[in-house]
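What follows is each chain in one-letter form.
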Amino acid sequence: MANMCLYMAPGSCSTAANILLEEVEEVFEVAVINIPAGENRKPEYLAINPRGTIPSLRLRDGSVLTDLISIAEWLGRNCRRGRYWPADPALQDRARKIMRHVTENVHGLGFARIFVPEAYSCDLEEAAQAMAEGRRIASHALNEAAAMLDEEGYALGAFSVADPILFYVEFWADMTDVPLPPRLLKHYQLMLGRDAVYRVLREEGYDPGRLGKTTESA
Ligand SMILES: N[C@@H](CCC(=O)N[C@@H](CS)C(=O)NCC(=O)O)C(=O)O
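Note that the coordinates shown come from a computational prediction; the quantities given were computed from them, not determined experimentally. (Residues numbered from 1 in each chain as written. Predicted model: local features only at pLDDT ≥ 70, side-chain atom pairs only at ≥ 80, totals over all residues. Heavy atoms only, no water.)

## What about the overall build of the chain?
Rules: Counting from the N terminus, the helices are the DSSP runs of H or I reaching at least four residues and the strands are the DSSP runs of E reaching at least two. Classification of residues uses two cut-offs on accessible area relative to the type maximum, computed with a 1.4 Å probe and protein chains only: under 20% is buried, over 50% is exposed, and between them is partly exposed. Residue contacts are defined here by distance: any two heavy atoms, one from each residue, within 4.5 Å place the two residues in contact.
Regarding its fold elements, the chain presents eight helices and four strands. Ordering the α and β elements of the chain from the N terminus gives β-α-β-α-β-β-α-α-α-α-α-α. Projected onto its principal axes, the C-alpha positions of the chain cover 50 × 45 × 35 Å. Expressed as a percentage of its 218 residues, the buried residues of the chain come to 50%. Restricting to contacts in the chain with at least 6 residues of sequence separation, those with at least 24 account for 65%.

## Details of the packing of helix α4 (residues 89-115) against helix α5 (residues 124-148)
The condition that has to hold: Between N-to-C directions, angles cover 0 to 180 degrees, with each direction set by a line fitted to C-alpha atoms, over the stretch in contact for helices. Convention used here: angles under 35 degrees read as roughly parallel, angles over 145 as roughly antiparallel, angles from 65 to 115 as roughly perpendicular, and any remaining angle as oblique. We call a crossing left-handed when the near helix sits turned anticlockwise from the far one by less than a right angle, and right-handed when that turn is clockwise. Gly falls in the polar group here, along with every residue not listed as nonpolar (Ala, Val, Leu, Ile, Met, Phe, Trp, Tyr, Cys, Pro) or charged (Asp, Glu, Lys, Arg).
Closest axis-to-axis distance for the α4/α5 pair is 6 Å, and the angle between their directions is 165°. Taken together, the axes of α4 and α5 are roughly antiparallel relative to one another. When you trace α4 past α5, the crossing you get is left-handed. Within the contact between the two elements, α4 uses Arg94, Lys97, Ile98, His101, Asn105, Val106, Leu109, Gly110, Phe111, Arg113 and Ile114 and α5 uses Ala130, Met131, Glu133, Gly134, Arg135, Ile137, Ala138, Ala141, Leu142, Glu144, Ala145 and Met148. Tallied by class, residues from the contact of α4 with α5 come to 13 nonpolar, four polar and six charged.

## A word on α4
Which entries qualify depends on this criterion: In this scheme, the bend at a residue equals the angle between the axes fitted to the seven residues that finish there and the seven that begin there. In protein, a polar contact means a hydrogen-donor-capable atom and an acceptor-capable atom, both N or O and within 3.5 Å, with residues adjacent in sequence counting only if both atoms are side-chain atoms; elsewhere, any N or O pair within 3.5 Å suffices.
When the local axis directions of α4 are compared, the greatest deviation, roughly 45°, occurs at His107. For α4, the N-terminal capping position is held by Asp88, with its side-chain oxygen 2.9 Å away from the main-chain nitrogen of Ala90.

## Some remarks on the site of the ligand
Using the following cut-off: Here a residue is considered near a molecule or strand provided that any single heavy atom belonging to it is located within 4 Å of it. Only the protein chains shown count as covering a residue, and every accessible area follows the Shrake-Rupley method with a 1.4 Å probe. In this analysis, the protein atoms alone were mapped onto a 1 Å grid. Cavities are point sets where a 1.4 Å probe fits without being able to get out; pockets are open sets with protein on both sides within 12 Å along at least five of seven lines; lining residues have an atom within 4 Å of a point. A molecule is said to be in a cavity or pocket once over half of its atoms fall within 2 Å of that pocket's grid points.
Close to the ligand lie Ser12, Cys13, Ile35, Asn40, Arg41, Thr53, Ile54, Pro55, Asp67, Leu68, His107 and Trp172, which account for all nearby residues. Contact between the ligand and Ile54: an oxygen atom at 2.8 Å from a main-chain N or O atom of the residue. The contact in question runs from an oxygen atom of the ligand to an N or O atom on the backbone of Leu68, over 2.9 Å. Protein chains bury 74% of the 510 Å² of accessible surface belonging to the ligand in isolation. Here the ligand is seated within the largest pocket.

## Comments concerning the packing of aromatic side chains
To keep things clear, this is the line we draw: We call Phe, Tyr and Trp rings a pair once their centres come within 6.5 Å, taking the six-membered ring for Trp, and we label the pair stacked below 30 degrees between planes, edge-to-face above 60, and tilted otherwise. Consider the ring centre and the ring normal. A charge sits over the ring if Lys NZ or Arg CZ is within 6 Å of that centre and within 35 degrees of that normal.
Scanning the model with the defined rule gives ten aromatic pairs in all. Ring centres of Tyr7 and Tyr45 lie 5.8 Å apart, and the angle between their planes is 55°; on these two criteria the pair is classed as tilted. One end of the pair, Tyr7, is in strand β1 (residues 4-8); the other, Tyr45, is in helix α2 (residues 43-46), and 38 residues separate them in sequence. Residue Tyr7 is classed as buried on the basis of its relative accessible area of 9%. Taking 5.7 Å as the distance between ring centres and 90° as the angle between the ring planes, the aromatic pair formed by Tyr154 and Phe159 counts as edge-to-face. Judged by relative accessible area, which is 11%, Phe159 ranks as buried. Through pairs of rings, three or more aromatic residues link up here, namely Phe111, Phe115, Tyr168 and Trp172. The ring of Phe159 is capped by Arg194, whose NZ or CZ atom sits 3.8 Å from the centre of that ring.

Okay, structure coming up:
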């Protein structure tokens, strides 16, 4: 059977899937999809993921997962090493709520406006407004995410699939100077201390030593 293959773009939300694949010590291949060059809209990639979004994960049997949360849950449940999907149904419920909040609200409503303002505007002035609105939404949604964690440390107490998902928006906040609430800043710094996170950031072209010095929100 072929190795798994992660279709990804460095610095995008696929970083979360890349971290999880490293955490579970899977052997996998990587296919870099150049989003600014439109590779995700080419027929070759649309044949893999008809929505043209990143990440996608091709499994060993050839089936393909095309959504970050599905990928995270599958890896957490099925990999030989490190079972990072909780057994407790209440924790599973919490993991799904956190992951959905991150992908739908922090990312989908907030950072999408910061990174792709032209999708929300017709001219430069509207684009500036969309970016400002995106910063407000991302900041508010990050505060809501912080309130979903009841203690300092990992999202569910022990490391789980929810942590790399929380991590990618903390990383984006660092990259774009969106202040992090204190609990998320601590979570971000905790994640930056993990070997797999360090390796993935280096592979994706970042210097982990320069990250995590971001300011806290009030
Ligand atoms: N809900 C999807 C969304 C993923 C998503 O928005 N990915 C971005 C990169 S961070 C993307 O593919 N952007 C290119 C596009 O939508 O055309 C998921 O969680 O997998």
